Every structure is written in structure tokens, then in C-alpha cells.
Amino acid sequence: MYLFFLDNTFMVDLNKGPSGLGFSVYGGVDVDTGDQSQGVVRIKKVFPLGPAKSSQQIQRDDVLLEVNGVPVKGRTHAVSSQISLRSRLDSS
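A. Region of interest: the overall build of the chain. Each helix and strand counted, the chain has two helices and four strands in total. Residues counted as buried form 32% of the 92 residues belonging to the chain. Taking the intrachain contacts of the chain between residues at least 6 apart in sequence as the baseline, contacts between residues at least 24 apart amount to 51%. When the accessible area of the chain is evaluated, it comes to approximately 6,100 Å², of which 51% is carbon and sulfur surface.

B. Examining the side chain of Ser55 more closely. Tracing the chain through its elements places Ser55 in helix H1 (residues 51-55). At 2.7 Å, the side chain of Ser55 and the backbone oxygen of Ala52 are in polar contact. With near-sequence residues (within four places) excluded, Ser55 lies in contact with Val12 and Leu14.

C. Representation of unusual backbone geometry in the model. Non-glycine residue Gln56 carries a positive phi angle of around 60°. Locating Gln56 in the fold gives a position in the loop between H1 and strand S3 (66-67).

D. The arrangement of the confidence of the model for the chain in detail. Looking at the chain, the pLDDT average stands at 79 and 76% of residues meet or exceed 70. Within the chain, the lowest mean pLDDT, 67, falls on helix H2 (residues 77-90), and the highest, 94, falls on H1. Low confidence marks residues 88-92, where pLDDT is under 50. Its contacts with residues over four positions away, or in another chain, come to five contacts.

E. Local environment of the nonpolar core. Grouped together as the largest cluster of nonpolar side chains are 12 residues: Leu21, Phe23, Val25, Val41, Ile43, Val46, Ala52, Ile58, Leu64, Val67, Val72 and Ile83. Residue contributions to this core peak at three residues, all from strand S2 (residues 41-46). If we ignore the near neighbours within four places in the chain, the residues touching Ile43 are Phe23, Ser24, Tyr26, Ile58, Gln59, Arg60, Asp61 and Asp62.

F. Molecular detail of the side chain of Arg42. You can see Arg42 is positioned in strand S2. Buried charged residue Arg42 carries no salt bridge. Nearest counter-charge: Asp61, at 5.5 Å. Among the polar contacts made by the side chain of Arg42, one reaches the main-chain carbonyl oxygen of Asp61 at a distance of 2.8 Å.

Criteria and cut-off values
Residues numbered from 1 in each chain as written. Predicted model: local features only at pLDDT ≥ 70, side-chain atom pairs only at ≥ 80, totals over all residues. Heavy atoms only, no water. Helix = DSSP H or I, 4+ residues; strand = E, 2+ residues; numbered from the N terminus. Buried < 20%, exposed > 50% of the residue type's maximum accessible area, 1.4 Å probe, protein only. Contact = heavy atoms within 4.5 Å. Areas by Shrake-Rupley, 256 points an atom, 1.4 Å probe, with all protein chains shown as cover. Polar contact = N/O pair within 3.5 Å; in protein donor to acceptor, adjacent residues only side chain to side chain. pLDDT = per-residue confidence, 0-100. Core = buried A, V, L, I, M, F, W, Y, C linked by side-chain atoms within 4.5 Å. Lys, Arg positive; Asp, Glu negative; His and termini not counted. Salt bridge = Lys/Arg side-chain N within 4 Å of Asp/Glu carboxyl O.

Have a look at this one:
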């Protein structure tokens, strides 16, 4: 659990579109941030026409805790990206 995020944690339900959930991610346990957010996976970009943008609840730099019930905490950037990508591929 990331203790510094407890006060502002919420779930956002997104319906996958043709291009996935509509965001990209950055961060992970293999990305050195030099602060307490080491290992945190964040939203890098919210794509203009995707479900994330339509929800009006997801913004750049939001912390991503899980996708489809799969936690991203403690994962590398590559694995976190793959979890998000898999969600996009599963919608086909």
C-alpha cells in the first residue's frame, strides 16, 4: 500500500474502446525517481478520444494501482505497460 495516497484513492470504471483504455503509463520499480514515489506507476498521457478522457476522472500523473483487478504495485515499467496493453488487446 502506498501510504501517501490513502486520502485520495478512488476507482474509475472504464469500458475499453477500440484502442484500449485511453491512457499510457510511466514509472515502475525499475524507474529511479529519487523520492518516496519509487516504484509508483502513473498515467503518462490521457488520449483525447479514449475512455479515460471521456470519464473526466483520470489525469496525467494520477497513480495507477490496478487494471482489471491486476495490481501494478511492485511491477516494472515494462510489465505495467503490458498489463495496460493486454487490456487493449483483450477488447478485440
